[in-house]
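# What the coordinates show
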Amino acid sequence: MGSDENAEYDVAVIGGGVNGTGVARDCALRGLKVVLFERNDLAFGASGNSSGMIHGGPRYLTMDPDVTYTSCLDSGHIQKIAPHLLFRVPFILPVNKGRGSRNELDLLDAFFDVYDKYQPLKGGKPHVRLRGDEVRSLEPGLAGDLEGGVTFDEYGVDGVRLCVANALDAAGHGAQVLVPASVTSIQANQKGCTLGYQLRQGSSVTGGRVSAKRVVNATGAWAPLTASFAQLPKDAARVRPGKGIHIYLDRRISNYAVMVKAIDGRRVFMEPWQNTTVIGTTDDDYYGDLDNVFATRDEAQYLMQALSGVFPTLKQARPVGTWSGVRPTLFEWGKTEDELSREHTIVDHAPHGAPGLYSMLGGKLASYRLFAEEMSDTLCQSLGHSARCRTSSSVLPGGEPALSVQELASRAGLEPLAASRILYRHGARAERILERIERTPADAEVVCICEPVTLAEVREVIESEWATDVDAVSRRTRLGLGPCGGMRCAQRCGQVVAQETGRSPAEGRELAAEFLRRGLKHRLPVLGPKQVRQEAIALGHHRAQLGLAPGGNGDFEGGSKWTS
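Residues numbered from 1 in each chain as written. Predicted model: local features only at pLDDT ≥ 70, side-chain atom pairs only at ≥ 80, totals over all residues. Heavy atoms only, no water.

## Topic: helix H14 (residues 470-477)
Taking burial as the measure, the 8 residues of H14 include 7 buried ones, the bulk of the element. Those residues of H14 that sit buried are Val 470, Ala 472, Val 473, Ser 474, Arg 475, Arg 476 and Thr 477. Buried positions along H14 lie against helix H6 (159-172), helix H11 (416-426), strand S20 (453-454), helix H13 (455-464), helix H15 (490-501) and helix H16 (505-523). Count one or two residues on from H14 and you reach Arg 478, which has phi positive near 70°. (Buried < 20%, exposed > 50% of the residue type's maximum accessible area, 1.4 Å probe, protein only. Helix = DSSP H or I, 4+ residues; strand = E, 2+ residues; numbered from the N terminus. Contact = heavy atoms within 4.5 Å.)

This is how it looks when you write it as structure tokens:
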């Protein structure tokens with residue numbers, strides 16, 4: 001998708017995470033002329049690597065009750081505008097018998113009495129206090145002598161699909177969405193802003209410049225770097241990046257999400273999420289490369305130790321990978337990571353010598369829509385534009401009434417599981433995939449068996465959702481994230497990406513190999529010695545089949561100690 005170099009925009013948004021796509025959508029719905037730049041891929045950062053929950057945040061209730069309120073409020077709105085993407089996740093917080101356990105249970109009961117006051121905002125159910133035998137009947141896998149527990153509920157979401165839906169709606173209302181496109185310079189003055197950028201299309205790179213009356217820096221943990229393009233002072237857009245990792249298993253192993261204390265007293269959790277189980281999360285200051293964030297063996301063991309101690313059958317399941325993201329937490333000195341605020345703020349850089357440039361700092365997935373509304377209100381006020389926000393009531397693409405699983409499966413000739421996964425990801429837009437299959441029945445081929453993902457869906461996300469490589473297809477469809485690690489599907493997907501984007505077969509093979517290399521780094525922290533050796537043999541064999549040179553030691557960076 002190209003851009004008109006001479007075009008003038010009302011608003012240029014930098015960053016394709018949930019805040020950036022949320023602002024682009026809101027401004028486009030209000031009738032503003034918008035362009036969005038994303039350097040890597042939609043939801044590449046924290047938005048696509050979070051815990052996957054639109055949650056009210058009981059943990060924030062004691063320190064930041066406003067965060068809990070806004071998160072619950074926005075959760076209710078997001079459920080209405082993206083009903084196909086959200087799913088209820090009931091939690092159990094168990095308490096083992098021991099000294100003070102009855103008091104602990106009483107305190108939890110009282111705490112969730114307060115949290116219950118926020119439940120109507122997000123359509124949640126009030127908490128329930130349970131006896132030990134009641135907890136065990138709900139979740140037989142729990143170990144220990146249980147005093148009791150409490151239940152509460154939150155909502156799960158696929159953060160990538162939420163970002164894609166916002167970008168689709170922005171584009172549908174006239175916004176220009178450029179992915180992958182790197183902003184390289186920002187020149188701001190009283191007349192407006194000029195942005196230099198580079199747009200990557202396959203193996204070619206083209207440069208350009210656009211003008212915009214207002215520019216929004218919505219690049220999350222990258223915000224200080226983006227602000228530097230406008231020669232702003234070093235601390236003009238300061239955040240305190242916090243790394244969080246998650247482990248995912250090859251199946252659902254529990255009826256409920258379980259929240260427990262780790263060895264250091266932090267609360268961590270295990271949750272049934274879509275068709276997997278997710279374990280999370282850590283929270284550590286991060287000083288590394290934001291474009292290459294991977295879990296470590298120590299971080300994975302920290303989580304596994306906490307959960308396997310109370311849910312022993314966890315050790316019988318197969319961890320198949322990790323994901324890692326960096327939170328753009330508001331900067332504060334002298335606090336631990338857990339004590340940092342999850343609030344958000346808008347910085348007007350006019351006092352820093354860059355009128356018309358704003359930075360969105362902080363925030364969380366659960367209140368993204370409200371943050372985007374506040375940013376858009378600020379932009380409209382500065383532009384003298386009177387249109388009001390409609391994002392709390394206007395349904396996102398896919399949120400309209402959709403086909404049933406049975407109808408989609410029957411008409412497309414798919415297994416019900418494949419149909420249900422397509423409907424979850426695309427909602428009413430699944431009809432576009434059905435139309436592809438009806439036009440070309442061969443596109444019903446299942447490319448990724450583990451998820452499963454069809455050829456029609458792969459083509460759809462390349463053509464309509466800005467997917468430009470295998471990794472981007474995976475991000476939108478979860479292709480290659482199952483037990484096989486992409487060995488069964490990466491090559492086929494690379495072929496399709498090359499066909500659809502006008503690249504050579506050799507480039508398609510290299511896209512597949514790069515996806516496998518990166519995926520391996522995400523799996524290494526949860527693999528044992530034998531599995532690592534098997535991965536090395538499988539990857540080497542796969543590269544030989546693709547006709548590529550053997551991979552270097554970088555393929556197994558961080559895992560060499562397991563292969564010795």
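## So, the environment of Val 453
Positionally, Val 453 belongs in strand S20. Here the alpha-carbon distance between Val 453 and Arg 421, two residues 32 residues apart in the chain, equals 8.1 Å. Apart from residues lying up to four places away in sequence, Val 453 is in contact with Arg 425, Glu 445, Val 446, Val 447, Cys 448, Val 458, Thr 477 and Leu 479.

## Some points on the packing of helix H2 (residues 65-81) against helix H9 (residues 368-383)
One can describe the packing of H2 onto H9 by two numbers: an axis separation of 8 Å at closest approach and a directional angle of 95°. Classified by the interaxial angle, the pair formed by H2 and H9 is roughly perpendicular. Every residue of H9 that contacts H2 at Thr 70, Asp 74, His 77, Ile 78 and Ile 81 is listed here: Tyr 368, Arg 369 and Leu 370. (Axes fitted to C-alpha atoms, helices over the stretch in contact; angles between N-to-C directions. Parallel < 35°, antiparallel > 145°, perpendicular 65-115°, else oblique.)

## Structural notes on unusual backbone geometry
A cis amide bond links Val 179 with the next residue in sequence, Pro 180, at an omega value of -10°. For Gln 231, which is not a glycine, the phi torsion comes out positive at approximately 55°. Secondary-structure assignment places Gln 231 in the loop between helix H7 (223-228) and strand S11 (239-249). Residue classification places Gln 231 among the exposed positions, given a relative accessible area of 63%. Despite not being glycine, Gln 274 has its phi angle at roughly 50°, a positive value. Tracing the backbone shows Gln 274 in the loop between strand S13 (267-273) and strand S14 (276-280). The exposure class of Gln 274 is buried, given its relative accessible area of 8%.

## Things to note about the packing of helix H12 (residues 430-439) against H13
Running from amino to carboxyl end, H12 crosses H13 at an angle of 120°, the nearest separation of the two axes being 9 Å. Judged on the interaxial angle alone, H13 and H12 are oblique. Handedness of the crossing formed by H12 with H13: right-handed. Mapping the contact onto sequence places Arg 432, Ile 433, Arg 436 and Ile 437 in H12 and Ala 456, Glu 457, Arg 459, Glu 460, Glu 463 and Ser 464 in H13. Among the residues making up the contact of H12 with H13, the classes are represented as 3 nonpolar, 1 polar and 6 charged. (Left-handed = near helix turned anticlockwise from the far one by under 90°. Nonpolar A, V, L, I, M, F, W, Y, C, P; charged D, E, K, R; others polar.)

## Structural notes on the nonpolar core
In a soluble, globular protein the nonpolar side chains are often hidden away together inside. Within the largest apolar cluster, 69 residues are counted, with the highest numbers of intra-cluster contacts made by Val 13, Val 23, Leu 162 and Val 216. If one sorts the elements of this core by residue count, H6 sits on top with 8 residues. Not counting residues up to four positions away in its chain, the partners in contact with Val 216 are Val 11, Ala 12, Val 13, Ile 14, Val 23, Tyr 358, Met 360, Met 375 and Leu 379. The next biggest cluster of nonpolar side chains, apart from the first, holds 29 residues, and it includes Ile 186, Ala 212, Ala 223 and Leu 361. (Core = buried A, V, L, I, M, F, W, Y, C linked by side-chain atoms within 4.5 Å.)

## Brief notes about the pattern of salt bridges
Any two side chains of opposite charge can pair if their charged atoms end up close together. Taken as a whole and assessed by the stated rule, the structure comprises 42 salt bridges. Notably, a salt bridge pairs Arg 131 with Glu 134, separated by 3.2 Å at the nearest N-O pair. Glu 134 sits in the partly exposed class, given a relative accessible area of 26%. Notably, a salt bridge pairs Glu 457 with Arg 425, separated by 2.7 Å at the nearest N-O pair. With Glu 457 in helix H13 and Arg 425 in helix H11, this residue pair connects regions lying 32 residues apart in the sequence. Exposure class is identical for Glu 457 and Arg 425. Each is buried. (Salt bridge = Lys/Arg side-chain N within 4 Å of Asp/Glu carboxyl O.)

## Digging into the side chain of Thr 68
Tracing the backbone shows Thr 68 in helix H2. Those residues in contact with Thr 68 that sit more than four places away from it in its chain are Gly 56, Gly 57, Tyr 60, Leu 61, Tyr 115 and Tyr 118.

## So, the packing of aromatic side chains
On inspection of all chains with the given rule, the structure shows 11 aromatic pairs. Ring plane angle 10° and centroid distance 5.0 Å describe the contact between Phe 91 and Phe 152, whose orientation is recorded as stacked. Here Phe 152 lies in strand S6 (residues 146-156) and Phe 91 lies in strand S4 (residues 87-96), a separation of 61 residues in the sequence. The class for Phe 91 is buried, based on a relative accessible area of 1%. The class for Phe 152 is buried, based on a relative accessible area of 6%. Considering the side-chain rings of Phe 112 and Tyr 115, the 6.0 Å spacing of their centres and the 75° angle between planes classify their relative orientation as edge-to-face. Of this pair, Phe 112 and Tyr 115 both sit in helix H3 (residues 101-116), separated by 3 residues, roughly a single helical turn. Each residue in the set Phe 91, Phe 111, Phe 112, Tyr 115, Phe 152 and Phe 269 is aromatic and connected to the rest through ring pairs, giving one cluster. The ring of Tyr 9 has Lys 33 sitting right over it, with the charged end atom 5.5 Å from the ring centre. Over the ring of Phe 331 we find Arg 238; its NZ or CZ atom is 3.8 Å from the centre of that ring. (Phe/Tyr/Trp six-rings, centres within 6.5 Å; stacked < 30°, edge-to-face > 60°. Lys NZ or Arg CZ within 6 Å of the ring centre and 35° of its normal.)

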